[in-house]
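# Secondary and tertiary structure notes
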Amino acid sequence: MKKTIINLALILIGFIIYFLQANFFSWFTINGIKPNLFVIYILFIGLFGNRSMGIIYGAVAGIFLDLLYKTNVGINLAGLVIVGLLAILFNKNFSKDSRFIVTLMVIITTANYEIVLYIFTMLRTEGTIEILAFSKILLVELVFNTLITIIIYPLIKKAGYYVENLFDDKFILTRYF
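Residues numbered from 1 in each chain as written. Predicted model: local features only at pLDDT ≥ 70, side-chain atom pairs only at ≥ 80, totals over all residues. Heavy atoms only, no water.

### Some points on the side chain of Asn36
Examined against the element boundaries, Asn36 turns out to sit in the loop between α1 (2-22) and α2 (37-48). According to the relative accessible area criterion, Asn36 is buried, its value standing at 7%. Of the polar contacts made by the side chain of Asn36, one reaches the backbone nitrogen of Phe38; its length is 3.3 Å. (Helix = DSSP H or I, 4+ residues; strand = E, 2+ residues; numbered from the N terminus. Buried < 20%, exposed > 50% of the residue type's maximum accessible area, 1.4 Å probe, protein only. Polar contact = N/O pair within 3.5 Å; in protein donor to acceptor, adjacent residues only side chain to side chain.)

This is the structure:
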């Protein structure tokens, strides 16, 4: 029952993040560039959930974003699934207790997400590759996501460890015969 409530709460948080990104952060842009809250969201689900949650939530959020933004279906899907895979990899190899390490994780996943989106967009539209313009967009988005992560890290850490303890399958049930 608790797992169902947590999953429903995570879905509700996903909708809240979409509305924040679409409405609230449209006021706080630098040259029209907004932070990408879905990268942070999928990263933290992958870090604190069980092994498949990051990939599943990344795929669902990617399809949701592709359909809402009316882009080619699969671009956001691929990017957010890669973020979920990276979150699983980071969860195995790094500690989530350090704000600095988690901030580096956000920087790496944001860069990977944006690079995947840029490559897929260039392949689909056969556009010209503009490294300087892409680098500017990437740098601003990295700064935005880093600042947001630094600000909300204590809240996410507390909620994340609650979710992790709930979904942790490492409980040992001993039986006495």
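### Considering the environment of Ser52
As for its position among the elements, Ser52 is in the loop between α2 and α3 (53-69). Judged by relative accessible area, which is 35%, Ser52 ranks as partly exposed. Measuring from C-alpha to C-alpha, the distance between Ser52 and Phe38 comes to 17 Å, with 14 residues separating the pair along the chain.

### So, unusual backbone geometry
With a phi close to 55 degrees, Asn31 is a non-glycine residue in the positive phi region. With respect to the helices and strands, the residue Asn31 is situated in the loop between α1 and α2. Asn31 sits in the exposed class, given a relative accessible area of 63%.

### Focus on the pattern of salt bridges
This model, assessed by the stated rule, comprises one salt bridge. The salt bridge partner of Lys96 is Glu164, with a shortest N-O separation of 2.5 Å. Placement of the pair is Lys96 in the loop between α4 (75-93) and α5 (99-125) and Glu164 in helix α6 (residues 131-167), with a sequence separation of 68 residues. One exposure class covers both Lys96 and Glu164, and it is buried. (Salt bridge = Lys/Arg side-chain N within 4 Å of Asp/Glu carboxyl O.)

### Notes on the packing of α5 against α6
One can describe the packing of α5 onto α6 by two numbers: an axis separation of 9 Å at closest approach and a directional angle of 145 degrees. Remark: the crossing between α5 and α6 carries right-handed chirality. The segment α5 lies against α6, with Arg99, Val102, Thr103, Val106, Ile107, Thr110, Ala111, Glu114, Ile115 and Tyr118 engaging Ile131, Phe134, Leu138, Glu141, Leu142, Asn145, Thr146, Thr149, Ile150, Tyr153 and Pro154. Grouping the constituent residues of the contact of α5 with α6 by class yields 13 nonpolar, five polar and three charged. (Axes fitted to C-alpha atoms, helices over the stretch in contact; angles between N-to-C directions. Left-handed = near helix turned anticlockwise from the far one by under 90°. Contact = heavy atoms within 4.5 Å. Nonpolar A, V, L, I, M, F, W, Y, C, P; charged D, E, K, R; others polar.)

### Notes on the packing of α3 against α4
The contact between α3 and α4 brings their axes to 7 Å, and the two run at 160 degrees. The angle between α3 and α4 falls in the class roughly antiparallel. Considering only the axes of α3 and α4, their crossing is right-handed. Residues Gly54, Ile55, Gly58, Ala59, Ala61, Gly62, Ile63, Leu65, Asp66 and Tyr69 of α3 form the contact with α4, whose participating residues are Ile75, Asn76, Leu77, Leu80, Val81, Gly84, Leu85 and Ile88. Residue composition of the contact of α3 with α4, grouped by class: twelve nonpolar, five polar and one charged. (Parallel < 35°, antiparallel > 145°, perpendicular 65-115°, else oblique.)

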